Amino acid sequence: MTRRRPSAPLLAWTRVALVAGLSLLMTLPPSAGAAQTQETAEGQAGGAEPIGWPWVRAQLGSGTPVATPSVIAPDEAYPDAWTGPLSGTFELVGVDPPGQLTQTPVELDEAPDPDAPGVVHGQVSVPPSPGRWIIDVVRRTPGGEVSAQLQTLVDPAGRFSVDLAAAAPGTGEWGLRLLDAQAGYAQHGATWPSPAVFEHLEVQLWVVTDAAYHVGTTTARVDGTFLLPESRPGAKVLRLVDTRTGQVLAEAAPDTGLVRSFDVPEAHPLHGRTYAYDQALALLTALSVGDEETARRLGQGLLALQVDDGPQQGALVASSAVLAPGYARPELRTGIHGVGTYALLRWLGELDPQDPARAEAEAGATWAVAWLMHQQVPEGPLAGLVTAGYGQDGPGGFDPDAALPWASTEHNLDAWHALDLAGTTLSGASGVAAGEAADRLDAAVMALLWDPQVGGFLQGRSPAGPDPTRALDVDSWGAVWLQVTGRPSLATGALARTADLAWTHDGRSGYAPHVVQQPLVWTEGTAGVALAQQRVGDAAGARATLDGLGPAGPDGARPGATRDDAAVSMTTASAVAGVTWVLLTEQALAGRPSIWDTSAPTGAND
């Protein structure tokens, strides 16, 4: 199963120079929230970027803190499958030149004539030791060093002479190795000729598949070049490192257009990972704030998460390493896919007909819609709903073919928004089929996932029956959906039901994702409630809800939640989903395009 790869411009190697420091929990004061919301709206109107958006944009790339504007680059764009030698260049900028070291202990009085080899004389820079040091002549070929079957002993003064004309026939440049007879004839130092290298500098090679792996290190030559003898399969990342401090002076990594979902230290399991849901939110936010250049990168990144062929063609994988989307495991979730498909359709709708990116965006969106419709159950107890997707961990490991037969309310709401938008965005039969699928889904959601007894939504339903587990987003996002589909009184009721999950914690107020025993405020979910309030006409309530979250941190970041809680998948790390949901809700309050903006006539279905 393959993944759609970024187009050619995004495969270029780039130097990543990001701000050092990795954020964890931001301890934010509870004051000034209203002022910040107003400041954001006024700032954008005056041309300034909304608070938080530069932070999201900075989540593009590897996230490696780079200490200088120095540059490193490979000699070519080595493909992921490359395992051979890897060479490149670097340039030190803003760095005092380090000391230099000679790699080889062999020094010649005069270089040999390549056309008429004869006797060469030289010396070695090692302590003299009679009978210990041996000069071994080799030829350097593309396949490596080949013995020229010629050796000579270094004299007690450290001098030697050797007649190259006596070497065995062969091709390649001459090379002289120093062997140590007291150490099993092991080579001492590098083969002559070898360029001088910088002291305390090294070039590291990392490859990224499911995670990043350090696979090689070599010297940084004074002439600004480097050579690694071999590589490993995976996306290639090069770093120029000061070994005294451990600082990365320069980095070259593939630009995939993917955001890092969380700002966490390198050792954290979430480091360097993107989630398709967060990628989609970032794309929607870029479109909303009018950042076309970043929207293009994010759109290409989202397409890089799409399955290219096989039975799951068109599906968006749930997550991957930011630098290696082609290695993502095929864990497919319909809700994540639904939000991603909606974002692709929104991006497609804003691309000019002549835009070079349009053909790929349209193909990707069309395949994504087709996969989504394929998840819709034709008959039986879940008829009309979409099931949860494919791929699950089990006793034998991850099974990509495991079908998840249950239907999540959140997934079905996400799917409806995507199918409804596809009905007006895609042309021809694809658009008609998507609109019809949205209509069937609308009826099924109300028949199977709405609980009239409580005036809200179930968490979901399996073939065996309903799942009444309490969850915030089914009623906050559900209220948005009910309003969009013309059921305003039901929307107000569902929204009111979220009050049982309200909390105040760590100086902030908001909502938890599920029933929890300890106070917890979920940034993303709280902003979702605020969006629902805005959609039902309670702008003042929406602003108050956002104000309860407090201001963003100095860099615009926001924590995923106020408390780490693995039971409900909450983290205090700065999170793209939290920042973008706040931004999208603020955009909606300012009357700008946001998320799930389509509306139906008021009262149409109540």
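Structure's up top.
Keep in mind that this is a model prediction, so the values were computed, not measured.

Caption draft 1: Focus on the overall build of the chain. When helices and strands are counted, the chain shows 13 helices and 30 strands. Its C-alpha atoms put the chain at 100 × 50 × 50 Å along the principal axes. Every one of the 606 residues in the chain was classed for burial, and the buried ones make up 54%. Surface summary for the chain: the accessible area is close to 24,700 Å², and the carbon and sulfur share equals 54%. Across the chain, 34 positive and 66 negative side-chain charges occur, with their mean positions spaced 2 Å apart.

Caption draft 2: Structural context of helix α4 (residues 292-303). Here α4 spans 16 Å end to end across 12 residues, near enough to the 16 Å set by a 1.5 Å rise per residue. Taken residue by residue, α4 has T294, A295, L298, G299, Q300, G301, L302 and L303 as its buried positions. Packed against the buried residues of α4 are α2 (53-58), α3 (276-289), α5 (334-350) and α6 (358-374).

Caption draft 3: The nonpolar core, seen in detail. Counting residues in each nonpolar core, the largest one holds 117 residues, and the members touching the most others are W347, L385, W581 and I595. In terms of residue count, the dominant contributor to this core is α3 (10 residues). Residues in contact with I595, not counting those within four places in the same chain, are L281, L284, Y342, R346, L531, R535, W581 and L584. Counting residues in each nonpolar core, the second largest holds 19 residues, with V106, L108, V137 and L164 among its members.

Caption draft 4: A look at the sheet that holds strand β20 (residues 332-333). Read from one edge of the open sheet, three strands run β20-β21-β22, paired in antiparallel fashion. Edge positions in the sheet fall to β20 and β22 (397-404), since each has one partner strand and no second.

Caption draft 5: Seen up close, unusual backbone geometry. Between W192 and P193 the backbone carries a cis peptide bond, its omega angle lying at 0°. Along the chain, P193 falls in the loop between β11 (186-187) and β12 (197-208). We note that D506 has phi near 55°; this positive angle belongs to a residue other than glycine. Mapped onto the elements, D506 comes out in the loop between β28 (502-505) and β29 (508-511).

Caption draft 6: Structural view of the sheet that holds strand β26 (residues 460-462). The antiparallel open sheet is built from three strands, whose spatial order is β23-β26-β27. Edge positions in the sheet fall to β23 (407-408) and β27 (465-467), since each of these pairs with one other strand and no more. Inspection of the sheet shows β26 paired to β27 by three bridges, in the antiparallel sense. Its bridge partner being in β27, G460 is matched across the sheet by D467.

Caption draft 7: Region of the structure containing the side chain of T334. If you trace the backbone, T334 turns up in helix α5. Engagement of the side chain of T334 in a polar contact is seen with the backbone nitrogen of G389, the distance being 3.5 Å. Ignoring any residue separated from it by four or fewer positions in sequence, one finds T334 in contact with W371, L372, Q375, V386, T387, A388, G389 and H411.

Caption draft 8: Geometry of the pairing of strand β16 (residues 248-254). Within β16, seven of the seven residues are buried, leaving the element largely enclosed by the surrounding structure. Relative to β16, strand β15 (residues 235-242) is paired through four bridges, and the arrangement is antiparallel. Bridge pairing in β16 links R239 to E251. Counting the residues that bridge the hairpin from β15 to β16 gives five residues, and of these G246 lies at a positive phi of roughly 80°.

Caption draft 9: The arrangement of the layout of surface pockets in detail. Here the largest pocket is characterised by a volume of approximately 1,400 Å³. Y277, I336, E410, V568 and S569 are the residues nearest the centre of the largest pocket, which is lined by 49 residues in total. For the lining of the largest pocket, the leading source of residues is helix α9 (residues 472-484), giving four residues. Within the lining of the largest pocket, the residues separate by chemical class into 23 nonpolar, 14 polar and 12 charged.

Caption draft 10: Up close: the pattern of salt bridges. Taken as a whole, this structure holds 23 salt bridges when the rule is applied. Salt-bridge contacts for R57 lead to E49; the nearest nitrogen and oxygen are separated by 2.5 Å. Taking relative accessible area as the criterion, R57 reaches 26% and is therefore assigned partly exposed. Judged by relative accessible area, E49 falls into the partly exposed class, the value being 39%. R244 is the partner of D242 in a salt bridge, and the nearest nitrogen-oxygen pair spans 3.1 Å. Classification of D242 as buried rests on a relative accessible area of 9%. One network of salt bridges, in which partners are shared, links R329, E331, R333 and D393.

Caption draft 11: Quick look at the packing of helix α7 (residues 409-425) against helix α8 (residues 428-448). Orientation of α7 relative to α8, taken along the N-to-C sense of each, is 150°, at an axis distance of 7 Å. The interaxial crossing formed by α7 with α8 has left-handed handedness. The residues of α8 that touch α7, namely those facing N412, L413, A415, W416, L419, D420, A422 and G423, are G431, A434, G435, A437, A438, L441, D442 and V445. Each residue belonging to the contact of α7 with α8 can be placed in one class, and the counts come to 10 nonpolar, four polar and two charged.

Caption draft 12: Structural view of the packing of aromatic side chains. Inspection of every chain in the model, using the stated rule, returns 10 aromatic pairs. Ring centres 6.3 Å apart and planes at 65° place the aromatic pair F90 and F198 in the edge-to-face group. Highlighted residues: F90 in strand β3 (residues 86-91) and F198 in strand β12, separated in sequence by 108 residues. Across the pair, F198 and F90 agree in class, each one buried. Geometrically, the ring pair formed by W477 and W581 is stacked, given 5.7 Å between the ring centres and 20° between the ring planes. Residue W477 is located in helix α9, and its partner W581 is located in helix α13 (residues 576-589); the two are separated by 104 residues in the primary sequence. With a relative accessible area of 5%, W477 lands in the buried category. Look at W581 and you get buried, because its relative accessible area is 1%.

Conventions adopted
- Residues numbered from 1 in each chain as written.
- Predicted model: local features only at pLDDT ≥ 70, side-chain atom pairs only at ≥ 80, totals over all residues.
- Heavy atoms only, no water.
- Helix = DSSP H or I, 4+ residues; strand = E, 2+ residues; numbered from the N terminus.
- Buried < 20%, exposed > 50% of the residue type's maximum accessible area, 1.4 Å probe, protein only.
- Areas by Shrake-Rupley, 256 points an atom, 1.4 Å probe, with all protein chains shown as cover.
- Lys, Arg positive; Asp, Glu negative; His and termini not counted.
- Charge placed at Lys NZ, Arg CZ, Asp CG, Glu CD.
- Expected span 1.5 Å × (residues − 1).
- Contact = heavy atoms within 4.5 Å.
- Core = buried A, V, L, I, M, F, W, Y, C linked by side-chain atoms within 4.5 Å.
- Pairing = 2+ DSSP bridges.
- Polar contact = N/O pair within 3.5 Å; in protein donor to acceptor, adjacent residues only side chain to side chain.
- 1 Å grid on protein atoms, 1.4 Å probe; cavity = no way out; pocket = protein on both sides within 12 Å on 5 of 7 lines; lining within 4 Å.
- Points joined across faces, edges and corners; volume = space filled by probe spheres on them.
- Nonpolar A, V, L, I, M, F, W, Y, C, P; charged D, E, K, R; others polar.
- Salt bridge = Lys/Arg side-chain N within 4 Å of Asp/Glu carboxyl O.
- Axes fitted to C-alpha atoms, helices over the stretch in contact; angles between N-to-C directions.
- Left-handed = near helix turned anticlockwise from the far one by under 90°.
- Phe/Tyr/Trp six-rings, centres within 6.5 Å; stacked < 30°, edge-to-face > 60°.

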